[in-house]
Amino acid sequence: MVRGCALFVVFCCVSHAWCVQDSCGAQAEPDGPEGAASCGCGSLNRAAAPEDRTAPAEPADKYSKAVNERPPEVPGHEEEVLKQVQMVPISGGEFLMGTDDPAIPADGEGPQRLVRVDSFYMDIQEVTNQQFQSFVNVAGYVTEAEKFGDSFVFEGTLSENVKAQITQAVAAAPWWLPVKGANWRHPYGPDSDITDKPDHPVLHVSWSDAVAYCSFFHKRLPTEAEWEYACRAGLKDRLYPWGNKLNPKGQHYANLWQGDFPNHNSAEDGYITTSPVKSFPPNGFGLYDMAGNVWEWTSDWWTVHHTTDKQQNPTGPPSGTDKVKKGGSYMCHKSYCYRYRCAARSQNTPDSSASNLGFRCVSQER
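Summarised in this report is the structure supplied together with it. Since this is a predicted model, take the numbers as computed values, not measurements.

Moving on, we get to empty space enclosed by the protein. Throughout the structure, instances matching the rule amount to two cavities of 30 Å³ or more. Every residue along the wall of the largest cavity is listed here: Pro241, Trp242, Tyr253, Pro281, Pro282, Asn283, Leu287, Asp289, Met290 and Ala291. Looking at side-chain class alone, the lining of the largest cavity contains eight nonpolar, one polar and one charged residues. Reported here for the second largest cavity is a volume of approximately 40 Å³. Taken together, Asn129, Trp184, Pro187, Tyr188, Ile194, Lys197, His200, Pro201, Val202, Leu203 and Thr274 make up the lining of the second largest cavity. Looking at the lining of the second largest cavity residue by residue, the classes come out as seven nonpolar, three polar and one charged.

Here it is in structure tokens:
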């Protein structure tokens, strides 16, 4: 975390973010001013934690033996919840991954390259609080944020009482605060809960937590290529999962930030923070929230260097320090974090967690 030390400033929301305005037809939305401010979510890495912080002694998927062993019986309520996890078949094919007109070149959005992926199944929605709760009930799983004892929360969602107890902030983005007791059960600080948010995406899950969840159900995280292929849903050279215009016919298609970031969210889309999954129209593949709401982990290690050669089922580099995340979140604004495009990408260390970061799973079989 950030107590008394500088965090690594990575490229989640670098200072080269660009503005976007509504566009018509097939024309891309125009770029914003170079040097626009950063949303700072790429600075939320535990890799820069002070030496006196005690990290979990074992990987996330080892916290509980039950994580790697499907129990002989699943309690009735949890079984019903888990049966409600819908997946849709994604027929394999070729697509143009990335872009030759990157809005944020430092993120490695380009070059555009021909990629082929095999068929797979994908969760139609981000994993919800209720689904993750059922997993925890069955597996006895404990997340990394719970083990560390804290996680990053956007200041605008915290109570005055919690904020009064915090003396540290992320230097690159002071609206991000390390909050003791923040985790998936208490997403906006220890005095918050998820009682009225069962169908909202689960938050404060690290990459390792997401892998543990997916693995328990014989699934996995999508590769970056699979995720982007699913995001585009057959559309070629389009910015968003639904096309090039951000709000076609004045309709909101994603949970994003409206107003003056980070000071005021006008909530023109109906939401200040997360929204219930499936609150906005699905893309052409029947997938919800592929843009906005929460960032989604992928399986790939981060790199900004890509070959232009045609690839089949690319999985990214064999190793690295950060993992790729896609899709943007409710905190993305056109002047700060223009990363709710299909080609956009960002990264965090595998043990990072925050109040705008979640996931969904894929599988080769339903």
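Bringing the nonpolar core into the picture now. In terms of nonpolar packing, the biggest core is built from 61 residues, with Phe132, Phe135, Trp176, Tyr213 and Phe359 touching the most fellow members. Contributions of two or more residues to this core are made by α2 (129–139), β5 (150–154), β6 (176–180), α5 (207–216) and β9 (295–301). Here the element with the most residues in this core is α5; it accounts for six residues. In contact with Phe132, not counting residues within four places along its chain, are Val127, Tyr141, Thr143, Trp184, Val202, Val205, Tyr213 and Phe359. Membership of the second largest hydrophobic core comes to 19 residues, among which are Ile90, Phe95, Met122 and Val362.

Before going further, it helps to examine the state of the cysteines. Applying the stated criterion across every chain, the model contains two disulfides. One disulfide in the model links Cys214 with Cys361; its S-S distance is 2.2 Å. Here the disulfide of Cys214 and Cys361 is left-handed, its torsion about the S-S bond being about -85°. Highlighted residues: Cys214 in helix α5 and Cys361 in the loop between β13 (357–358) and β14 (362–363), separated in sequence by 147 residues. Classification of Cys214 by relative accessible area gives buried; the value is 0%.

Turning next to the environment of Gly110. Position of Gly110 among the secondary structure elements: in the loop between β2 (93–97) and β3 (113–117). It is 8.3 Å that separates the C-alpha atoms of Gly110 and Ala343, two residues lying 233 residues apart in sequence. With residues up to four places along the chain from it excluded, the contact list for Gly110 reads Thr99 and His306.

The four strands lie next to each other as β12-β11-β9-β13, forming an open sheet whose pairing is mixed. The open sheet has two edge strands, β12 (346–348) and β13, and neither has a second partner. Here strand β11 (residues 323–326) pairs with β12 via three bridges, running antiparallel. Residue Lys325 lies in a different strand from β12, and its bridge partner there is Ser346.

For the rest of this paragraph, the subject is the sheet that holds β2. On the basis of which strands lie adjacent, the open sheet formed by three strands has the order β2-β3-β10 and mixed pairing. The open sheet is flanked by β2 and β10 (311–312), the only strands paired with a single partner. This element, helix α6 (residues 224–232), spans β2 and β3 of the sheet and lies at about 95° to β2.

Attention shifts here to the pattern of salt bridges. By the definition in use, this model includes 13 salt bridges. The partner of Glu224 in a salt bridge is Lys326, with the nearest N and O atoms 3.6 Å apart. Linking Glu224 in helix α6 with Lys326 in strand β11, this pair joins segments that are 102 residues apart in sequence. When salt bridges that share partners are traced, they join Glu224, Glu228, Arg232, Lys326 and Arg345 into one network.

Basis of the calculations
- Residues numbered from 1 in each chain as written.
- Predicted model: local features only at pLDDT ≥ 70, side-chain atom pairs only at ≥ 80, totals over all residues.
- Heavy atoms only, no water.
- 1 Å grid on protein atoms, 1.4 Å probe; cavity = no way out; pocket = protein on both sides within 12 Å on 5 of 7 lines; lining within 4 Å.
- Points joined across faces, edges and corners; volume = space filled by probe spheres on them.
- Nonpolar A, V, L, I, M, F, W, Y, C, P; charged D, E, K, R; others polar.
- Core = buried A, V, L, I, M, F, W, Y, C linked by side-chain atoms within 4.5 Å.
- Buried < 20%, exposed > 50% of the residue type's maximum accessible area, 1.4 Å probe, protein only.
- Helix = DSSP H or I, 4+ residues; strand = E, 2+ residues; numbered from the N terminus.
- Contact = heavy atoms within 4.5 Å.
- Disulfide = S-S within 2.5 Å.
- Pairing = 2+ DSSP bridges.
- Axes fitted to C-alpha atoms, helices over the stretch in contact; angles between N-to-C directions.
- Salt bridge = Lys/Arg side-chain N within 4 Å of Asp/Glu carboxyl O.

Function cannot be read off these values alone, since they describe shape.
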